[in-house]
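Commentary on secondary and tertiary structure
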Amino acid sequence: MAHAYTPGLKVTEGMTIQKRRRLPLEGEVLVETGVSVKAEDVVAKADLPGNVQLLNVANLLSISPEEIEEYMLKQTGEKILENEIIASTKGIFGLFKSQARSPIDGTIEAVSDVTGQVILREPPIPVEVKAYTDGTITETIPNEGVTVETYGTYVQGIFGVGGETLGDLVVVVDSPSDNLRVEQILPEHKGKIIVGGSLVATDAIQKAVEIGVHGIIAGGIDDADLRQLLGYELGVAITGSEELGITLVITEGFGSIAMADRTFALLKAREGMKTSINGATQIRAGVVRPEIVIPFVSDGKDIDSDVSEGTLEIGSSVRVIREPHFGKLGYVTELPIELQQLETEAEVRVLQVEFEDGKKTTLPRANVEAIEIG
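Residues numbered from 1 in each chain as written. Predicted model: local features only at pLDDT ≥ 70, side-chain atom pairs only at ≥ 80, totals over all residues. Heavy atoms only, no water.

**What about the overall build of the protein chain?**
- If you tally the helices and strands in the protein chain, you get five helices and 29 strands.
- A buried classification covers 47% of the 374 residues belonging to the protein chain.
- Sequence separation of 24 or more characterises 66% of the internal contacts of the protein chain that already satisfy a separation of 6 or more.
- Summed over its atoms, the accessible surface of the protein chain is roughly 18900 Å², and 49% of this surface lies on carbon and sulfur atoms. (Helix = DSSP H or I, 4+ residues; strand = E, 2+ residues; numbered from the N terminus. Buried < 20%, exposed > 50% of the residue type's maximum accessible area, 1.4 Å probe, protein only. Contact = heavy atoms within 4.5 Å. Areas by Shrake-Rupley, 256 points an atom, 1.4 Å probe, with all protein chains shown as cover.)

**Regarding the confidence of the model for the protein chain**
- The predicted model of the protein chain has a mean per-residue pLDDT of 87, with 89% of residues at 70 or higher.
- Between residues 1–6, whose pLDDT stays under 50, and residues either more than four places distant or in other chains, the model counts 24 contacts.
- In the predicted structure, residues 298–309 sits below a pLDDT of 50 and forms 20 contacts with residues beyond four places in sequence or in another chain. (pLDDT = per-residue confidence, 0-100.)

**Describing the nonpolar core**
- Membership of the largest hydrophobic core comes to 44 residues, with the highest contact counts inside it found for Leu180, Val200, Ile216 and Ile217.
- For Leu180, the residues in contact, after removing those within four places along its chain, are Val172, Val173, Ile185, Ile194, Gly196, Leu199, Val200, Ala204 and Ile216.
- If you look at the next biggest cluster of nonpolar residues, it comprises 17 residues, including Tyr71, Ile86, Ile104 and Val118. (Core = buried A, V, L, I, M, F, W, Y, C linked by side-chain atoms within 4.5 Å.)

**A closer look at the side chain of Arg21**
- Structurally, the position occupied by Arg21 is in strand β2 (residues 8–22).
- Classification of Arg21 as buried rests on a relative accessible area of 9%.
- Among the polar contacts made by the side chain of Arg21, one reaches the main-chain carbonyl oxygen of Lys130 at a distance of 2.8 Å.
- Only 2.7 Å separates the side chain of Arg21 from the side chain of Glu164, close enough to count as a polar contact.
- The residues contacting Arg21, other than those within four sequence positions of it, are Val43, Val129, Lys130, Ala131, Tyr132, Glu144, Gly145, Val146, Val148 and Glu164. (Polar contact = N/O pair within 3.5 Å; in protein donor to acceptor, adjacent residues only side chain to side chain.)

**Some words on the layout of surface pockets**
- In this structure, the second largest pocket encloses a volume near 220 Å³.
- Forming the boundary of the second largest pocket are 14 residues, of which Ile257, Ala258, Lys328, Leu329 and Glu356 lie nearest the centre.
- Grouping the amino acids of the lining of the second largest pocket by side-chain chemistry returns seven nonpolar, two polar and five charged. (1 Å grid on protein atoms, 1.4 Å probe; cavity = no way out; pocket = protein on both sides within 12 Å on 5 of 7 lines; lining within 4 Å. Points joined across faces, edges and corners; volume = space filled by probe spheres on them. Nonpolar A, V, L, I, M, F, W, Y, C, P; charged D, E, K, R; others polar.)

**Brief notes about the pattern of salt bridges**
- Inspection of every chain in the model, using the stated rule, returns 16 salt bridges.
- The shortest N-O distance in the salt bridge between Glu183 and Arg181 comes to 2.8 Å.
- When salt bridges with common partners are traced through the structure, they connect Glu40, Asp134 and Lys274 into a single cluster. (Salt bridge = Lys/Arg side-chain N within 4 Å of Asp/Glu carboxyl O.)

**Quick look at the sheet that holds strand β5 (residues 42–48)**
- Taken together, three strands build an open sheet; the order of strands is β3-β5-β12 and the sheet is antiparallel. This sheet does not close on itself; its edge strands, each paired only once, are β3 (28–29) and β12 (125–130).
- Relative to β12, β5 runs antiparallel, the two sharing six bridges. Pairing of Leu48 across the sheet is with Ile125, part of β12. (Pairing = 2+ DSSP bridges.)

**Comments concerning the sheet that holds strand β6 (residues 52–56)**
- An order of β6-β11-β10-β7 is seen for the four strands of this open sheet, with the pairing classed as antiparallel. Edge strands, defined here as strands with exactly one partner in the open sheet, are β6 and β7 (79–80).
- Two strands pair when backbone bridges link them, and β6 and strand β11 (residues 117–121) are joined in this way by five bridges, in the antiparallel orientation. Residue pairing in the sheet places Gln53 in a bridge with Leu120 of β11.

**Looking at the packing of aromatic side chains**
- All told, the structure shown has three aromatic pairs when counted by the stated rule.
- On the numbers, 5.6 Å between centres and 75° between planes, the contact of Tyr151 with Phe296 is edge-to-face. Here Tyr151 is found in strand β14 (residues 145–156), whereas its partner Phe296 is found in the loop between β21 (291–295) and β22 (311–313), with 145 residues between them in sequence.
- You can call Tyr151 buried: its relative accessible area is 13%. (Phe/Tyr/Trp six-rings, centres within 6.5 Å; stacked < 30°, edge-to-face > 60°.)

Below, the structure is given as structure tokens:
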């Protein structure tokens, strides 16, 4: 049987999931291999060096730079408090002293007798890395981080914004084709991950932020609503660092696109379960997909699809990732071996896709991604 390989989106009922949790710099790992952890547990921590500020003490005291050490009251490495005097002249008969005060809490980093400046370091910034999902520590990397392994449902979206968050899953629409409306978002959804249908608009997102909803999963979003939400035009850079007060995971694409029936049914079946989501997305080199992780206890083994990741064959489910059919779902009906010429005169490998409405079209294989169903 003919087959091909293409980037794939996972929509998997049950599989073994491994998440590497690493610090941005060397620090301390707080757990050991084999320990069970909760998503909220801190597994590693470190201190980022505080910001640096320069204080021109020589100018403040009206002295030459080479004299600075003589007038320093605090030495390199010593802690200082905001507004504390760190250098002073002796004055005349103890009067008319010139003083230099610290503008921050922190420490003396260095004193320069060349420039007459003192380098002040603000207090370190604590950084904590949480487990992200309930599971077991299967690996520890000294001073760096851990690997958390769990078994559960795993769904990748096509686009997202906002970072990692956690909450119980609540489905608030009746079908995957329903828009998520403002009146469906209730006070009891505070701290939850809510699931919409075909479209989530700005007003619904703002209502969710006001209530304290942790995340929204929906089929589509309009680019105008996204631009209004962010306050700027989103480029090709990786998302996930936005401070919106909420995380969005879009499963299908831009516009009013119904969530795939399989995805909606799977999320509906997991309603009420503890869910971790991450909106981080990068669609160019080094692809990063937004994700939904729903861990659960199972006596069975991995029930993921027998089809290898990224494999296409006749009957494979796919999603189009380029215009003019962006976001449409279908399945592969033909995989021609020979190259075919496009309107641009480029020769590429193609495939034929039949969409859910029965229409067929031929597309470059690079214009689709496999949807892996477990």
